[in-house]
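Overview (structure and organization)
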Amino acid sequence: MTAFVTSDLDRTLIFSEAAAGPAFATSDPVCVEIYRDAPLSYMAPAAHAGLAALAAATPVVPTTTRTPEQYLRVQLPGAPFRFAICSNGGEILVDGAPDPQWQTHIRGLLAALPADLDRIAAQLETRLAPEWGARLRLVPGLFAYVVSEVRVPAEVVDEWRAYCAPLGWSISQQGRKLYTIPEPVTKSRAALEVRRRLEEAGALEPGAPWLAAGDGALDADLLEAADAAIRPRHGELEELGFALPHLTLTEGAGIAAGAEIVEWLAATADPVPDPIKEIR
């Protein structure tokens, strides 16, 4: 039975040199993203080849917090993908273009929240100390995030989370990035919609197993919703000790974990038949 595969990108399948870990120098990494005329993101060779083979055999949906523009910079093996999930689920791309039907649906959900993006951004800006070198960035109509030169202090993050929670906004800290995202904007919500469309089009058998991969708190709902999931031994979820009954952990970390994840996705999507059962 064909599987439905949704995977985060950054620090799950693709890695900057800094995030790749000590194995980067010896892994002969494949560059998959150029930004400002310089290499930015890489994959392990085994992950690169494995993802191409997996995408040829089963529906694979890249699922990222990147904006569509940021996602489209990445040259993933197995492309072009019919569907991709961007902006943490705020956008569904169909053949590389944002889907207006999904945009309308998300706008309706956000209109019901007690606080809009303008209010959240204004409040967040007041909490950024100049010495952090923090830059506030907005994904229009969806969410805000901060990129800073140092990690935003834990006590500031905790206070900000307490402020946002009653307003229907959630917080995720990933290294020097701090995301503030409305609760209705989730990867799993968008993935369920993509799965429905694939089934409706006959491209996915109803009841096909859903496999997911991710490393950060913004991937937690995706991993929870899937039938089986995997995460690397690094990142925000590793720091939180995140575990689920159906969640597998890689043995390694960094870029080597990316190769493990693709190998696991392929093996789980197309398990080797049990020869005894085949005989029976």
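Residues numbered from 1 in each chain as written. Predicted model: local features only at pLDDT ≥ 70, side-chain atom pairs only at ≥ 80, totals over all residues. Heavy atoms only, no water.

Quick look at the packing of aromatic side chains
How we decide: We call Phe, Tyr and Trp rings a pair once their centres come within 6.5 Å, taking the six-membered ring for Trp, and we label the pair stacked below 30 degrees between planes, edge-to-face above 60, and tilted otherwise. Strands are runs of DSSP state E lasting at least two residues, helices are runs of H or I lasting at least four, and both sets are numbered from the N terminus onward. Only protein chains enter the area calculation, which uses a 1.4 Å probe; residues under 20% of their type maximum are buried, those over 50% are exposed, and those in between are partly exposed.
Within this structure, the stated rule accounts for six aromatic pairs. Each ring, one from Phe24 and one from Tyr42, has its centre 4.9 Å from the other, and the planes form 80 degrees; the classification is edge-to-face. Pair noted here: Phe24 is in the loop between helix H1 (17–20) and strand S2 (30–35) and Tyr42 is in strand S3 (residues 38–43), with a separation of 18 residues, a long-range link. Looking at Phe24, the relative accessible area reads 13%, which means it is buried. Using a relative accessible area of 13% as the deciding quantity, one classes Tyr42 as buried. Plain terms: the ring middles of Phe143 and Tyr145 are 6.4 Å apart, the flat faces sit at 50 degrees to each other, and that makes the pair tilted. Its relative accessible area of 0% is what places Phe143 among the buried residues. Taken together, the aromatic side chains of Phe143, Tyr145 and Tyr179 make up a single cluster linked through ring pairs.

Overview of the nonpolar core
Burial of nonpolar side chains together is a common tendency in soluble globular proteins. Formally: The nonpolar core is taken to be a set of buried Ala, Val, Leu, Ile, Met, Phe, Trp, Tyr and Cys residues, with the residues joined through side-chain atoms within 4.5 Å. By the convention used here, residues are in contact when the closest approach between their heavy atoms is within 4.5 Å.
Among the nonpolar cores identified, the biggest contains 52 residues, and Phe143, Trp169 and Val194 are the most heavily contacted of them. The leading source of residues in this core is strand S9 (residues 143–147), at five residues. Once residues within four sequence positions are removed from consideration, Trp169 is found in contact with Leu113, Ala115, Asp116, Leu117, Ile120, Leu142, Phe143, Cys164, Thr180, Ile181, Pro182 and Glu183. The next biggest cluster of nonpolar side chains, apart from the first, holds 35 residues, and it includes Ala3, Phe24, Val32 and Leu51.

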